[in-house]
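# Summary of structural features
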Amino acid sequence: MGRYIAILGLILTLSGQFNAVLAVKNKTCESLLRELADAQSKFIYCATTKSVPVNLCEGCVDLYRALSHDYGNLIADANCSKRYLNSDRINIVATTQGILTSLWQKANCENCFRDNFWKIYDDNATKLQECLDSTGPDLVCYTCKSDYVGLNDFYLSMETKVGGKVCFDLQDNMNRTRLNWSKTLKCCQREVKLTNFLIAVGVVVLLPILTFYITAIVVTKRREANHGLLNEQEPELDAPSTSTLITAAVLSTPVEDPAVISARTEKIANVLSGAGTHLLDESSDEEPPLRKKVPKSNESDYSSDDEPLAKTKRA
């Protein structure tokens, strides 16, 4: 009896699939195109309304599956494929489908449903949220720390398994959870180790001092080598002063005999005195020329052309 029931079920299943194939074949290209356009519009509406916070992969998965199925039916028909695909330069049907498929792939949505990642993550996130809602603000960091660490560890392990291509729904949710935990609740307090701090301070303080002394030692050794000093001698690092140099220059000047200096001075005096006497003699020999005296005459007051004035006679 059971065998007959199994055979009957198989026959019904095959007949249903055959009827579906016939129904698809009986559909016109216009009806297939309308079904694809309707599926595309529904998926676009879903993706837009679930953009913030991102719930594209989990919230629109059924619409994306229907979209892909309708597009497959359209291209499966040779006449419809020839009519709507590659018929012009724009190729609207294929271009629109490519944009929607690219959006789904860019969000790595298929990784949400791999290895039951979505369910495990959702369970951990729900547990953490219940803890946050039921705990006071003063104890939330201590009470819910284990739930937060568990969720974060699972996310890191999932990220490693998928090579960093985590479903974008889970990425957005984890980023918001971390931001709420660290910035809003201020539960992420980094513990500073005192030993590392002291080591860093010691290095910062001692490094300039050690550098100074090492430089001083190196410079001293080089000066000793350049001056050819022995180990027993004290290095003369200070340069001689200006007064010392002047004194040494004066002492190194040769001293002449006083008699030579006196003879030289007397000779110079004689030369100067002889030159002065010669100049005086020349000035006395040259007398200034005398002017010729012109005798005065009574007519000197008159010019040759003027006539003398006649004297008036007295009455």
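Residues numbered from 1 in each chain as written. Predicted model: local features only at pLDDT ≥ 70, side-chain atom pairs only at ≥ 80, totals over all residues. Heavy atoms only, no water.

### Re the confidence of the model for the protein
Of the residues in the protein, 67% reach a pLDDT of 70 or more, and the chain-wide mean stands at 78. Counted against residues more than four places away or in other chains, residues 18–24, with its pLDDT under 50, gives zero contacts. Across residues 286–315, where pLDDT falls below 50, the model places zero contacts with residues more than four positions away in sequence or in other chains. (pLDDT = per-residue confidence, 0-100. Contact = heavy atoms within 4.5 Å.)

### Considerations on helix 7 (residues 117–134)
If you check helix 7, its first and last C-alpha atoms are 26 Å apart, about what 18 residues at 1.5 Å a residue would give, namely 26 Å. Residues of helix 7 that are buried sit in contact with helix 8 (140–143), helix 9 (145–161) and helix 10 (168–184). (Helix = DSSP H or I, 4+ residues; strand = E, 2+ residues; numbered from the N terminus. Expected span 1.5 Å × (residues − 1).)

### Examining the side chain of D172
Structurally, the position occupied by D172 is in helix 10. Overall, D172 belongs to the buried group, its relative accessible area being 14%. Of the polar contacts made by the side chain of D172, one reaches the side chain of R176; its length is 2.9 Å. For D172, the residues in contact, after removing those within four places along its chain, are P53 and V54. (Buried < 20%, exposed > 50% of the residue type's maximum accessible area, 1.4 Å probe, protein only. Polar contact = N/O pair within 3.5 Å; in protein donor to acceptor, adjacent residues only side chain to side chain.)

### Points about the packing of aromatic side chains
Summed over all chains, the structure comprises six aromatic pairs. An angle of 55° between the planes, with centres 6.3 Å apart, marks the rings of F43 and W104 as tilted. Linking F43 in helix 2 (residues 29–49) with W104 in helix 6 (residues 92–106), this pair joins segments that are 61 residues apart in sequence. W104 matches F43 in its accessibility class, with the two residues each being buried. (Phe/Tyr/Trp six-rings, centres within 6.5 Å; stacked < 30°, edge-to-face > 60°.)

### Focus: helix 4 (residues 61–76)
Over its 16 residues, helix 4 runs 22 Å from end to end, which matches the ideal 22 Å to within 8%, given 1.5 Å per residue. The set of residues buried in helix 4 consists of V61, Y64, L67, D70, Y71, N73 and L74. The elements touched by buried residues of helix 4 are helix 2, helix 3 (56–59), helix 5 (78–84) and helix 6.

### Brief notes about the packing of helix 9 against helix 10
Contact geometry of helix 9 with helix 10 gives a least axis separation of 12 Å together with a crossing angle of 145°. Here helix 9 and helix 10 pass one another in a crossing that is left-handed. Residues K145, Y148, L151, N152, Y155, L156 and M158 of helix 9 lie in contact with helix 10, whose contacting residues are L170, Q171, M174, T177, R178 and W181. Class assignment for the residues of the contact of helix 9 with helix 10 results in eight nonpolar, three polar and two charged. (Axes fitted to C-alpha atoms, helices over the stretch in contact; angles between N-to-C directions. Left-handed = near helix turned anticlockwise from the far one by under 90°. Nonpolar A, V, L, I, M, F, W, Y, C, P; charged D, E, K, R; others polar.)

### Examining the pattern of salt bridges
Any two side chains of opposite charge can pair, on the condition that their charged atoms come close. Scanning all chains against the criterion turns up seven salt bridges. Between D147 and K127 there is a salt bridge, and its shortest N-O distance comes to 3.9 Å. Note that D147 is positioned in helix 9 and K127 in helix 7, a separation of 20 residues in sequence. Judged by relative accessible area, D147 falls into the buried class, the value being 15%. For R176, the salt bridge goes to D172, with nearest N and O atoms at 2.9 Å. Within this pair, R176 and its partner D172 are both found in helix 10, separated by four residues, close to a single helical turn. The partly exposed category is assigned to R176, whose relative accessible area is 43%. (Salt bridge = Lys/Arg side-chain N within 4 Å of Asp/Glu carboxyl O.)

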